[in-house]
Each structure stands twice: as C-alpha cells, then as structure tokens.
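Report on the structure
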Amino acid sequence: MNFETILKKWDSAPHEEIHSKDDSEEENRDIERRRLLTKKPDAFLDLHGLTQDEAWDKLDEFFKRSRARGLEKVLVIHGKGNHSMNEGVLGDLSRKYIEQCPFAGTSGHNSGARGGSGATWVLLKS
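Overview of the structure. Nothing here was measured: the structure is a model prediction, and the numbers come from that model. (Residues numbered from 1 in each chain as written. Predicted model: local features only at pLDDT ≥ 70, side-chain atom pairs only at ≥ 80, totals over all residues. Heavy atoms only, no water.)

1. Quick look at the packing of aromatic side chains
- Scanning all chains against the criterion turns up 3 aromatic pairs.
- When the centroid spacing of 5.7 Å and the interplanar angle of 90 degrees are considered together, the rings of Phe62 and Phe63 count as edge-to-face.
- Linked through ring pairs, Trp56, Phe62, Phe63 and Tyr97 together constitute an aromatic cluster.
- Its guanidinium or amino end placed over the ring of Trp121, Lys73 lies 4.9 Å from that ring's centre, counting from NZ or CZ. (Phe/Tyr/Trp six-rings, centres within 6.5 Å; stacked < 30°, edge-to-face > 60°. Lys NZ or Arg CZ within 6 Å of the ring centre and 35° of its normal.)

2. A look at a negative patch on the surface
- A cluster of acidic residues, Asp23, Glu26, Glu27 and Asp30, forms a negative patch at the surface.
- Here Glu26 lies in helix 2 (residues 21–38).
- Classification of Glu26 by relative accessible area gives partly exposed; the value is 43%. (Patch = residues over 30% accessible without salt bridge, like charges linked within 9 Å, V, L, I, M, F, W, Y side chains within 5 Å. Areas by Shrake-Rupley, 256 points an atom, 1.4 Å probe, with all protein chains shown as cover. Salt bridge = Lys/Arg side-chain N within 4 Å of Asp/Glu carboxyl O. Lys, Arg positive; Asp, Glu negative; His and termini not counted. Charge placed at Lys NZ, Arg CZ, Asp CG, Glu CD. Helix = DSSP H or I, 4+ residues; strand = E, 2+ residues; numbered from the N terminus. Buried < 20%, exposed > 50% of the residue type's maximum accessible area, 1.4 Å probe, protein only.)

3. A closer look at the pairing of strand 1 (residues 43–46)
- Alternating residues of strand 1 divide into Ala43 and Leu45, all buried, and Phe44 and Asp46, none buried.
- Here strand 1 runs beside strand 2 (residues 73–77); their pairing, made up of 4 bridges, is parallel. From the neighbouring strand, Leu45 faces strand 2, where its bridge partner is Val76.
- With helix 3 (residues 52–68) bridging strand 1 and the parallel strand 2, this β-α-β connection has right-handed handedness. (Pairing = 2+ DSSP bridges. Right-handed = clockwise from strand over helix to strand, strands pointing away.)

4. Here we look at the side chain of Ser66
- Following the sequence through the fold, Ser66 ends up in helix 3.
- Judged by its relative accessible area of 2%, Ser66 is buried.
- Here Phe62 takes part through its backbone oxygen, which lies 2.8 Å from a polar atom of the side chain of Ser66.
- In contact with Ser66, other than residues within four places in its own chain, are Leu71, Val74 and Leu124. (Polar contact = N/O pair within 3.5 Å; in protein donor to acceptor, adjacent residues only side chain to side chain. Contact = heavy atoms within 4.5 Å.)

5. Points about the pattern of salt bridges
- In total, this model carries 8 salt bridges according to the counting rule given.
- Between Glu32 and Arg35 there is a salt bridge, with its nearest N and O atoms 2.7 Å apart. Of this pair, Glu32 and Arg35 are both found in helix 2, 3 residues apart, which corresponds to roughly one turn of the helix.
- Glu32 gets classed as partly exposed once you look at its relative accessible area, which sits at 34%.
- Judged by relative accessible area, Arg35 falls into the partly exposed class, the value being 36%.
- The network of salt bridges with shared partners includes Glu32, Arg35, Lys39, Asp42 and Glu72.

Put into structure tokens, the structure is as follows:
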C-alpha cells in the first residue's frame, strides 16, 4: 500500500478525539483541587485568647501534627480583632505563619456565615 492510499483511508475513516496524557493529568488535578476546595476542614485550631507567642507555638504544633496525620485541609480560627485594643494581631500572625510553613499550600477565607475573615482554611501539601 502506498502513502496516498493510506492517507485516503485515513481521511475517510471516523476518528476518535485525541487526548494527550498531560490533558488527562491536568483534568485529574483540577477535579482534585475542586474536591479539596469544597471539602470541610479535617481539623481546626482556635487561637482566641492566646498571646502572639502562644499562638505561634500552637500553629506550629497544629500544622506539624496535621501533616503527620495525613490531613488535607485545616481551619485556623483567629478572629477578626473586634475585641482587641489594637488591630487584630492573630489574623496577621496566622497569615505570616502560613506563608512561611513549608507544607501549607493554598489558603483562603469562607463566607461570613462560616467565619469570614476571622478564620483561614489551609490546604496541606503532602
């Protein structure tokens, strides 16, 4: 069979959509990311009433234990600082801790009914 005959047969035959391995892996990552973003946290830590030093130590212990337990998503309740003399410091402290923690990944806040800016959820890296 010559090349032209092969091309004619190819052109006349129905073709399946071609998917690369990378497309499939990317789709799986997107599905997994959506699952993690919508799931409820596996554990939470409430920092209300702690000093900055106490809160930092609790965050460190909490994140290390959460990772060791294989948790995927955690919630840090730090409050909005409404009852503080100064601006809310535990929210800033939590953000700084999360930014420097090597196994803290994506983070964010839920709607106001679920803590709003007074609580931060964090996806843990495996």
